[in-house]
Amino acid sequence: MTVLTRFIISVVLSLPLLANMILMPFGGHLPGGEWTQLVLTTLIMLISAKPFIHTSWAAFKNHHANMDTLVAIGTTTAYVYSLFAMATNRPVFFESAAFVTTFVLLGQVFEERMRNNASDAVAKLGNLQAKAATVIKDGQPIRIPLAEVQVGDLIQVKPGEKIAVDGTVVDGTSTVNEAMVTGESMPVTKQAGDKVIGATINQTGTLTFKADKVGDDTLLAQIVELVKKAQNSHAPIQKLTDQVSDIFVPVVLIVAILTFEIWYNFLHVSFATALIYAVAVVVIACPCALGLATPTALMVGTGRSAKLGILIKNGDVLEAVNRVKTVAFDKTGTITTGQPQVVDVIGDRQVVLGLAATLEAKSEHPLAQAILAANDRSSDLTVTNFQAIQGQGVTGTVNGQPTWVGSPTLMAQPFPEKWQSEMDRLTGEAKTVVAVGQGDQVLGLIAIQDTPKVTSKAAIADLKQLGLSTVMVTGDNQAVAEAIAKEVGIDRVVANVLPADKAAVVEDLQKQGSVAFVGDGINDAPALTTADVGIAMGSGTDIAIDAGGIVLVKNDLRDVPLAIELSKKTFNRIKLNLFWAFIYNVIGLPIAAGLFVGVGLALSPELAGLAMAFSSLSVVTSSVLLNRTPLKTERQVVMN
Amino acid sequence: MAHGLAIGIGIILVAFILWWFFGKHQVSTAEATVVEGAKKQTADVLVDGGYKPEVVTLKQGVPATLKFTRKDPSTCLDRVVFPEWGINRPLPEGKTEEIKIDTSQAGEFEWACGMDMFHGKVIVK
């Protein structure tokens, strides 16, 4: 029988008892009097309360006790005493047993709903998976179930369809909505060579892609796995309740016995009154709220962050984030895009870039990629005698004239003063400068820089708003590092750090308090592990999901403040829940024991039952509300 | 007279509670049944007012299945949670639920009910 049915039965049977209670002061009573009460309560005990008694007896035989023990003892005591009272012509209190059962079940009905609600997030993620895929076999598209898709299969997706597995686009151009996996609100353009993520939705064009990862290896499968683990992990703060729960129930039983003894023997109230105080103590003390405080908040918090593309590994990470004072960043690829770009062109832009691109088209240098990307006009110039000179640049003959791109030392004549001063100025801004010349003329300069991501500045500002200090750790020289730091607003720079020494820098920073390190998860693994909180960034399928305590699915630095804020909010909610759960008992127990009867404050067993139901309910509600808590650093997410 | 009796019974009850719940008592343990040849091991766990056995010993490296059967109607025991492995499984009353256990690493792994009130333990060695 479900909790809901038990609850409904007990409500229906309790209503006449309630009517009786209301009628009593006016001298009225139910037809049949005590006998009716006896029958109704017996039915409730046999149908609705029996499972409590079953569990507590089974647990008792194992030397265990739990909340069911308290409910069972509370209701049975009230019921059995009333039987005795009825036989000996004393006032009965059957309704206490009936109402306590009803209220406890009310609490459980809501609690079950809420618990299912809180654990939904994972189920929802899992349901995102496509059910089937169109695979091209021997040139023919065939629809096959997802489970049969293999690595290397060519898969076709039409507009509006779900991308089945992780892969690489081989043909077609389209925009893809990745919001459900990465939390990225803007659709992303995909063309040949781009990675696609399983379970995202293809929007505008038809794509053909090769399957790279299937089954449990896909990003979605790994995210689901990680979120599941996070939601069921234990937070260290929970240790207290774990220890308390073992001794709690027996201690409450002893307190209840003492309550009875003191009232009956020393304060000389009647046996029945003393018994009611003891029953109220047993009922109010149910520890369900304590047990629910941490897991429900953890579940909702990690579920919500997963939806935003922020994967928090476990409860330990949540607690660690709460203590973080400093956030250290890797520079290249984390604060900056990791891809150098042309930022200034001195001279005739089209001529300078056109000529440089023509020559650099044959070069494989990273700076060449930046120049080629910046040149948006195709040229019909041809190069002969191409030569790459190590450490200096490239030379060749264009239009019959000797042409060069690179260091001024490539020029036969002395480098003109006017160009040199421009070059010094740009170098001073931490840019890499190449000169472009033809014959004995300097045509212009191209300044190249690994520029900060557009979102970096906002991210750093958000972190400062959260009261955290920021540090950049990089292998670059001081000047370059400081220029970037100034641009995005970072407080401190540690430059000239070899990749292997990043962990040592983190250790050094830890002397001033807890440190979170933000890196790409592939090169920065030692620093991520050394830091109190490792935050690994990735883009799409490339994320190293094992690196770091927090994994950011999309490559957006603004998720760092968001992750920190969410972790803090979740942890604070756990603390709030524990506080409420404890305070209910701390305040409720003495009142139930009759300590404040002198000032007219007392709790009957049925009110104690109601209070207990509300305590679990308020804790679970508070956890579920974590889904709605406004976040300072959250951006407007447009789902479509 | 009635008061003296009440005090006497009270003292006996408190003493009994202390001894019953905090005294040293044997914990029910069991070893998994290893099916030779088939390379697997299974163990039955009865869920009724806690877990029986409370400690299950498994052999490392042999794929294992724990069969949980819930006889208990309490909502407290309606889920079983293995925090280390991210397993959180509903246990429908009266049905046997099979849970695969990763025995690749030796160690002690706790499980608990959905409200963290009842506990059990898997020992892999």
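No experiment lies behind these values; they were computed from the predicted model shown.

Engineer: Sorry, what's going on with the overall build of chain B here?
Structural biologist: The helix and strand tally for chain B stands at one helix and 11 strands. Each helix (α) and strand (β) of chain B, taken in turn from the N terminus, gives the series α-β-β-β-β-β-β-β-β-β-β-β. The C-alpha atoms of chain B give 19 Å as radius of gyration, which overshoots the globular expectation for 125 residues (14 Å, by more than 25%). Across its three principal axes, chain B shows a C-alpha extent of roughly 70 × 30 × 25 Å. Looking at chain B as a whole, 33% of its 125 residues qualify as buried. Here the contacts in chain B between residues at least 6 apart in sequence split such that 52% fall between residues at least 24 apart.

Engineer: For this particular structure, what's the right way to read the overall build of chain A?
Structural biologist: Within chain A, the regular secondary structure consists of 22 helices and 22 strands. Taking the principal axes of the C-alpha coordinates as reference, chain A spans close to 125 × 60 × 45 Å. By the burial criterion, 49% of the 640 residues in chain A qualify as buried. A separation of at least 24 residues holds for 67% of the contacts in chain A among residues at least 6 apart in sequence.

Engineer: Looking at this structure, how should I read the domain arrangement of chain A?
Structural biologist: How big an interface is tends to be stated in terms of accessible area lost as the parts join. Split into domains, chain A comes out as domain 1 (127-225), domain 2 (315-338 + 453-548) and domain 3 (341-449). Taken over C-alpha atoms, the centre of domain 1 of chain A sits 32 Å from the centre of domain 2 of chain A.

Engineer: How do you make sense of the UniProt feature "transmembrane region" (unreviewed entry) in chain B when you look at a structure like this?
Structural biologist: Within this numbering scheme, the UniProt entry marks residues 6-22 of chain B as carrying the feature "transmembrane region" (unreviewed entry). Taken as a whole, residues 6-22 of chain B contains 100% helix and 0% strand, while its terminal C-alpha atoms sit 24 Å from one another.

Engineer: What should I look at first to understand the confidence of the model for chain B in this one?
Structural biologist: Caution applies to low-pLDDT parts of the model: their predicted coordinates are not meant to be read in detail. All names here are of chain B. Counting all residues, the mean pLDDT for chain B is 86, and 97% of those residues have values of 70 or more. Mean pLDDT per element in chain B: strand β2 (residues 33-35) is the minimum at 75, and strand β6 (residues 64-70) is the maximum at 91. The complex prediction reports pTM at 0.78, with the ipTM value standing at 0.85.

Engineer: Is there a simple way to think about the UniProt feature "domain: P-type ATPase A" (unreviewed entry) in chain A in this case?
Structural biologist: In this structure's numbering, the residues bearing the UniProt feature "domain: P-type ATPase A" (unreviewed entry) are residues 128-228 of chain A. Within the segment residues 128-228 of chain A, helix and strand shares are 14% and 40% respectively, and the terminal C-alpha atoms sit 15 Å apart.

Engineer: How do you make sense of the sheet that holds strand β11 (residues 324-330) of chain A when you look at a structure like this?
Structural biologist: Backbone hydrogen bonds hold the strands of a sheet together, and the pairing may be parallel or antiparallel. All names here are of chain A. One open sheet accounts for seven strands, arranged β10-β22-β21-β20-β11-β18-β19; its pairing is mixed. Looking at the sheet topology across the chains shown, the edges are occupied by β10 (310-312) and β19 (492-494). When strand polarity is set aside, the average angle formed by the axes of neighbouring strands in this sheet is 20 degrees. Pairing between β11 and strand β18 (residues 469-473): five bridges, direction parallel. Note that in β18 the partner of V327 across the bridge is T470. Here helix α12 (residues 315-323) sits on the sheet in contact with β10, β11, β20 (514-519), β21 (533-537) and β22 (550-552), set at roughly 105 degrees to β21.

Engineer: Before we go on, may I ask you to explain unusual backbone geometry in this structure?
Structural biologist: Leaving glycine out, the prevailing phi sign among residues is negative, and the prevailing peptide bond configuration is trans. P53(B) follows K52(B) through a cis peptide bond whose omega is -5 degrees. Topologically, P53(B) is positioned in the loop between β4 (51-52) and β5 (55-58). A positive phi angle, close to 80 degrees, is found at A199(A), a residue other than glycine. Of note, A199(A) is situated in the loop between β7 (195-196) and β8 (201-202). Its identity as a non-glycine residue notwithstanding, N399(A) has a phi of 55 degrees, on the positive side. Tracing the chain through its elements places N399(A) in the loop between β14 (393-398) and β15 (401-406).

Engineer: Help me out: how do you make sense of the interface of chain B and chain A in this one?
Structural biologist: The interface is formed by 27 residues belonging to chain B together with 36 residues belonging to chain A. The biggest single contributor to the side of chain B that touches chain A is helix α1 (residues 2-22) of chain B, with 10 residues. Class assignment of the residues belonging to the side of chain B that touches chain A gives a composition of 15 nonpolar, nine polar and three charged.

Engineer: How should the packing of helix α11 (residues 288-307) of chain A against helix α21 (residues 559-592) of chain A be read in this particular structure?
Structural biologist: Packed helices, taken two at a time, are described by the angle their axes make and the gap between the axes. All names here are of chain A. Contact pair α11 / α21: the axes reach a minimum separation of 9 Å and the direction vectors enclose 165 degrees. As summarised for this structure, α11 and α21 are arranged roughly antiparallel, according to the angle between their axes. The interaxial crossing formed by α11 with α21 has right-handed handedness. Each of A289, L290, A293, T294, A297, L298, G301, R304 and S305 in α11 lies in contact with α21, whose residues at this interface are A563, L566, T570, R573, I574, N577, L578, A581 and Y584. Taken together, the residues of the contact of α11 with α21 sort by class into 11 nonpolar, five polar and two charged.

Engineer: Before we go on, may I ask you to explain the sheet that holds β15(A) in this structure?
Structural biologist: Residues and elements named next belong to chain A. If you walk across this open sheet you meet the six strands as β12-β17-β16-β15-β14-β13, and the pairing is antiparallel. At either end of the open sheet lies a strand with only one pairing partner, and these are β12 (341-346) and β13 (383-389). Strand-to-strand twist across the sheet, computed as the mean angle between neighbouring axes with direction ignored, equals 20 degrees. This element, helix α16 (residues 417-428), spans β12, β16 (432-438) and β17 (441-449) of the sheet and lies at about 0 degrees to β17.

Engineer: Would you explain the UniProt feature "transmembrane region" (unreviewed entry) in chain A in this entry?
Structural biologist: All names here are of chain A. The positions that UniProt labels "transmembrane region" (unreviewed entry) are, in the present scheme, residues 7-29, 35-53, 65-86, 92-110, 247-266, 272-298, 578-601 and 607-626. As annotated, residues 7-29 comprises 74% helix and 0% strand, and the C-alpha atoms at either end are separated by 25 Å. Overall, residues 35-53 shows 89% helix and 0% strand. The separation of its end C-alpha atoms is 23 Å.

Engineer: Looking at this structure, how should I read the confidence of the model for chain A?
Structural biologist: Put simply, chain A has an average pLDDT of 85, and 96% of its residues get 70 or more. Averaged over each element, pLDDT in chain A is lowest for helix α6 (residues 120-127) of chain A (72) and highest for β18(A) (94).

Engineer: I keep staring at α16(A) and nothing clicks. Help me out?
Structural biologist: For an α-helix, the turn length of 3.6 residues means that residues three or four places apart are oriented alike. Residue and element names in this part refer to chain A. Taking 1.5 Å of rise per residue, the 12 residues of α16 would be expected to cover 16 Å, and the 16 Å separating its terminal C-alpha atoms lies within 8% of that figure. All buried positions along α16 are accounted for by W419, E422 and M423. Here the buried residues of α16 occupy an arc of 100 degrees about the axis, which is enough to place them on one side. Every exposed residue of α16 that faces more than 90 degrees away from the buried side is listed here: E417, S421, D424 and G428. Buried positions along α16 lie against β12, β16 and β17. Following α16 by one or two positions, A430 has its phi on the positive side, about 65 degrees.

Engineer: Looking at this structure, I do not really get the nonpolar core. What am I missing?
Structural biologist: Soluble, globular proteins show a tendency: their nonpolar side chains are buried together. Residues and elements named next belong to chain A. Counting 187 residues, the largest nonpolar core has V281, I284 and I535 as the members making the most contacts within it. Shared between two domains, this core takes at least three residues from each, and those domains are domain 1 (127-225) and domain 2 (315-338 + 453-548). Each residue touching V281, except ones within four places of it in the same chain, is listed here: V252, V255, A256, T259, L589, A592 and A593. One finds V398, V433, V442 and A447 within the second-largest nonpolar core, a separate group that totals 27 residues.

Criteria and cut-off values
Residues numbered from 1 in each chain as written. Chains lettered and ligands numbered in written order. Predicted model: local features only at pLDDT ≥ 70, side-chain atom pairs only at ≥ 80, totals over all residues. Helix = DSSP H or I, 4+ residues; strand = E, 2+ residues; numbered from the N terminus. Rg over C-alpha atoms; globule rule 2.2 N^0.38 Å. Buried ≥ 20, exposed ≤ 12 C-beta atoms within 10 Å, placed from the backbone. Contact = placed C-beta atoms within 7 Å. Domains from an automatic or database assignment. UniProt positions renumbered as here; feature names shortened; annotations may be inferred. pLDDT = per-residue confidence, 0-100. Pairing = 2+ DSSP bridges. Axes fitted to C-alpha atoms, helices over the stretch in contact; angles between N-to-C directions. Nonpolar A, V, L, I, M, F, W, Y, C, P; charged D, E, K, R; others polar. Parallel < 35°, antiparallel > 145°, perpendicular 65-115°, else oblique. Left-handed = near helix turned anticlockwise from the far one by under 90°. Expected span 1.5 Å × (residues − 1). Arc of directions from axis to C-beta. Core = buried A, V, L, I, M, F, W, Y, C linked by C-beta atoms within 7 Å.

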